[in-house]
Amino acid sequence: MTTAPDAGLFGALREQLADAAAAFADSPDALAGILAGIVDDVDRALGERLEIFPVCHHSPASALAMLRRLRAKRPKVVYLELCEDLQPLLTELRNCRLPVAVQAFATELAGFPAEWAPLSVVAPITEASAEYQAIAYALDTPGVELVLVDRSTDHVFQWTPRPEAGPASDEPTAGGAGAAGGEPAEEAALHGDAVGVEIGDLRPRFAELEAYLLHHGKVRHWSEWWDQYVERPLATADHDTYRQVMVLIGSLFRRLRPAAADRLDRDEDRERYMWTRIRQHLVASGADPADCLYVCGAFHAASRVEQFGLDSTAPDFPISPRTGTRWRYGLIPSSHSAIEAQFGLAPGSVSIAAAAWTTSLNRDGLVPFRLDGQRGGAKRGRRGRAAAPTTATPVSDRLTGFLAAPPAPDELDEAELRGWCVDIVRLARRNGYLASTADAIAVFETSILLAGLRNRARPTPYDFADAAVTCIEKDVVPGRRDVRRLCEILLGGDRIGQVGYDSLPPLARDVLDRLRPLGLDLEKRTVQRALLDLRADPALPACSDLLWMLRHLLPADAVRPIMGERRLGHRSPQESWDLALGRNQRALIELGYEGVTVEQVLEQRLRRSVRGPDATAATALAAVDDAIRLLDSPRLVDELGARAVELLSAERTVDDAPEVLRRIRRLLAHHRTTAARLPAWCEAFVTTGYAHYCTLLPTAFVDEATGVRQVGAMLGFLFGMESLALSLGCDRPQLELAVAQSHPEAPAKVALLWASRHQLGLLPLAELRERCAELLANPLVVPAFPQYLSGFVQALEPAPGLAPFVVETMSTAFARLPDPVLLPWLPTLITTLRDQGPDLVPRLVREAERTFPGSLPALDAWVPPWRATGRPAPAVLPVPSTAVPTLLAGHPEAVDAMAALLGCAGEWRRDAPPAASGAAAALVAAHPAPADAVAGLLAGASG
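Residues numbered from 1 in each chain as written. Predicted model: local features only at pLDDT ≥ 70, side-chain atom pairs only at ≥ 80, totals over all residues. Heavy atoms only, no water.

What the rule picks out here adds up to 6 cavities of 30 Å³ or more. Approximately 90 Å³ is the volume found for the largest cavity. Each residue belonging to the lining of the largest cavity can be placed in one class, and the counts come to 3 nonpolar, 2 polar and 5 charged. (1 Å grid on protein atoms, 1.4 Å probe; cavity = no way out; pocket = protein on both sides within 12 Å on 5 of 7 lines; lining within 4 Å. Points joined across faces, edges and corners; volume = space filled by probe spheres on them. Nonpolar A, V, L, I, M, F, W, Y, C, P; charged D, E, K, R; others polar.)

Okay, here's the thing in structure tokens:
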């Protein structure tokens with residue numbers, strides 16, 4: 001490692017710090033070692049032949065210092081701390097409106113645990129950041145090379161610990177922090193659960209140190225402390241002062257972090273990685289280190305690894321090969337609130353930094369670097385004639401003077417503060433607050449008071465926001481936004497970026513092109529209403545098909561149908577949609593990482609859903625439904641249907657039986673009405689399901705974990721599909737044996753078993769009615785009778801013909817059950833019917849409508865059919881013995897038809913002998929029921 005040109009450059013500072021440690025510290029040796037080490041880190045960083053430029057992410061002071069240094073030095077090579085595989089994306093920034101995030105995304109993992117999928121890494125970029133200034137300078141300046149030297153996105157997860165729960169990133173990740181003021185957190189969630197890669201993460205990872213700084217700085221959040229004690233003093237500092245102070249801060253936080261921190265090794269490996277890449281590039285390109293600039297976080301600028309510096313003799317860091325994971329790269333929209341939520345910054349801090357950046361540019365008359373064609377913001381001014389590059393000057397000690405001098409007080413800008421106060425009162429009144437001019441005056445005075453209490457001569461935006469909350473909000477928030485959120489809007493708002501059309505993946509561009517017949521600007525972030533008359537315009541049905549596919553793939557609020565539906569065998573002639581694709585641009589872009597067209601992505605997802613470890617027969621049938629409705633691909637339908645048969649035969653539980661029954665009924669009805677015959681997979685599903693459920697039925701009846709609804713659905717499948725299953729070769733005795741082997745004990749399942757036996761013809765309705773009467777007559781069973789009723793209600797699934805009996809049983813129970821039993825059971829019955837049998841209730845209602853009278857006068861005289869007595873018996877008329885032969889001879893057609901069916905041949909004898917007539921009479925006498933029935937019909941007709 002190299003040393004500074006002048007070994008005694010910071011000698012005076014070392015002596016002062018050592019004296020301070022001896023005077024104030026309990027253990028001066030330890031503190032003196034830390035303070036001396038900090039100075040040594042600054043000395044080593046400044047003495048390196050390759051100029052190191054320390055930065056802090058989203059820091060206006062770093063961006064201003066970077067802008068000044070780039071214009072003064074004009075380096076030919078810029079080394080940037082950013083994942084090296086993201087470099088091809090940087091040229092696409094010119095098509096976007098900042099802030100945006102550079103993203104690497106992977107769903108097909110190789111070398112990582114499957115439960116980590118999908119993997120996502122983002123690097124947000126704002127205009128008020130030093131790295132964007134370096135990127136814009138390097139990409140738009142001829143002869144300048146930009147080299148990204150940080151580990152690849154694949155190595156980000158290679159170096160990540162692997163706990164059982166999933167990937168624990170060594171970077172801050174997006175949490176649940178939402179937008180301030182109770183607004184929807186959609187802007188804060190623009191990065192999703194991606195891992196954030198940040199340049200210059202300058203925040204102490206020693207909780208006690210951060211708490212100490214916040215307490216004595218009289219601030220509430222780290223962002224406010226940084227703005228007061230670092231941002232504002234360094235905004236106008238010269239280059240040497242800026243570098244020395246930033247390296248000092250990075251070294252301080254590095255040395256005061258816990259020695260056993262898990263992240264320390266990974267940080268040092270990153271530094272070894274970057275220095276190895278820098279030396280490899282210098283050897284390969286032959287560039288002069290004097291013409292290069294290394295942009296990295298201040299934390300890494302104070303590195304003490306053996307590979308630090310170009311003159312280090314340590315061997316290169318061994319870089320492991322990447323895994324077989326297939327990474328997709330692109331740009332996604334970002335926002336100030338998304339950056340704050342992901343990296344743990346105070347709400348509004350990035351917006352305040354953007355406002356400070358604009359103010360500093362106007363104050364100092366600086367023209368920032370901006371990519372040609374960059375969307376948003378002011379137009380780029382003329383570059384003018386480039387200044388001559390500065391010559392190297394000896395480094396002088398600026399650190400001692402900076403630390404010893406008191407901060408220069410900012411003069412109070414009354415006009416600026418007065419404007420803030422007037423605007424916040426106006427904005428508060430628009431949002432429902434009863435604010436007035438008196439509140440504006442109170443906010444003005446309170447801001448000055450708070451700034452004075454915090455040792456600030458000029459109120460900062462944080463002081464102003466605290467004063468506004470104190471004076472305006474009180475304890476009531478009349479609308480969606482609280483006063484702190486209104487202050488953020490006033491001071492800059494939550495700026496939301498957008499990825500340009502040319503930088504979108506092919507799928508996203510294809511979606512926008514195919515939806516062009518709608519005549520809407522779908523890149524806008526507003527919600528737009530699309531009206532589709534599918535019969536009037538031949539181009540609109542294709543748009544409708546695409547919208548239904550996007551409805552399946554994107555978040556619910558991205559594509560929302562207002563009118564119209566798409567179900568099996570039905571398409572609405574008119575549709576209405578609310579479209580917010582511009583607001584959900586990130587989801588659309590990430591969809592483009594999975595394929596080239598929406599159809600391809602949908603097909604892949606359907607296949608993945610039926611091949612996953614959690615796939616069931618119900619999910620496979622749902623995939624078949626989606627494939628028919630959305631893709632209309634018979635090949636895919638057959639493939640998914642065959643997979644559904646495999647999953648059904650492999651299931652060992654019947655938890656999904658209701659869903660399986662509902663979906664297979666719908667699919668069978670669709671195929672019966674649209675095709676000449678059922679597909680092979682449908683027939684296989686019915687036969688497999690019949691045998692499968694017959695096998696599991698006895699166990700399901702006695703298993704306490706299996707609910708009555710699941711058993712009812714199994715029986716519904718067996719009885720509902722029985723005719724089709726028998727025609728396909730199944731055996732009915734298998735079902736009879738399964739029912740005979742079932743011996744449930746739960747009352748509801750006992751009722752289901754009785755209904756099954758009745759459906760099989762083994763239990764007559766009269767006997768079933770007698771059993772229910774015995775239950776009501778037994779005082780020991782009466783408390784459990786409501787459970788029997790629940791079972792009978794579920795029995796309507798396998799035996800819909802029992803609806804009159806169920807109405808009869810429920811009416812009898814309501815009439816005879818005592819109130820202490822009936823009243824507690826009624827809420828349970830209602831919730832059970834609503835949750836487990838919503839499709840069964842209409843049957844009961846229709847049957848009750850047919851059974852009960854429709855008017856109150858009729859109700860008084862109404863007698864239930866099951867209680868009616870004294871019904872007239874059918875009349876039986878005496879029939880002479882000779883009348884039967886005469887009747888049959890006079891009307892021979894019925895007898896001839898029966899004889900033909902039986903295969904009997906013969907002729908009628910008109911002159912039958914008495915013996916024959918006697919034989920016929922004897923036959924009729926032995927079997928009088930048919931003759932009596934015919935005679936009764938004839939008597940009724942003649943009457």
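There is more to say, and it comes next.
What follows is about the packing of aromatic side chains. Tallying each qualifying case throughout the model produces 18 aromatic pairs. Members of the aromatic cluster, joined through ring pairs, are F112, W116, F157 and W327. Looking at R44, its charged tip hangs above the ring of F308, at a distance of 5.6 Å from the centre. Cation over ring: R71 sits above F369, and NZ or CZ is 4.2 Å from the ring centre. (Phe/Tyr/Trp six-rings, centres within 6.5 Å; stacked < 30°, edge-to-face > 60°. Lys NZ or Arg CZ within 6 Å of the ring centre and 35° of its normal.)

Here the focus is the pairing of strand β7 (residues 292–297). Burial runs high along β7: 6 of the 6 residues are buried. Sheet topology note: the strand β1 (residues 51–55)/β7 ladder contains 5 bridges and is parallel. When the bridges of β7 are listed, P54 appears paired with C296. Here 4 bridges tie strand β2 (residues 77–83) to β7, and the two strands are oriented parallel to one another. Considered in β7, the bridge of L80 is made with V295. (Buried < 20%, exposed > 50% of the residue type's maximum accessible area, 1.4 Å probe, protein only. Helix = DSSP H or I, 4+ residues; strand = E, 2+ residues; numbered from the N terminus. Pairing = 2+ DSSP bridges.)

For the structure on display, the rule yields 46 salt bridges. Between D41 and R44 there is a salt bridge; the shortest N-O distance is 2.8 Å. One end of the pair is D41 and the other is R44, both in helix α2 (residues 28–46) and 3 residues apart, which spans about a single turn. Neither residue differs from the other here; D41 and R44 are each classed as buried. Put simply, R850 and E847 hold a salt bridge, and the shortest N to O gap is 2.4 Å. Placement of the pair is R850 and E847 together in helix α34 (residues 841–851), with a separation of 3 residues, close to one helical turn. Owing to a relative accessible area of 61%, R850 belongs among the exposed residues under this scheme. Judged by its relative accessible area of 9%, E847 falls in the buried class. Connected through salt bridges with shared partners, the residues D625, D626, R629, E659, R662, R663 and R666 form a single ionic network. (Salt bridge = Lys/Arg side-chain N within 4 Å of Asp/Glu carboxyl O.)

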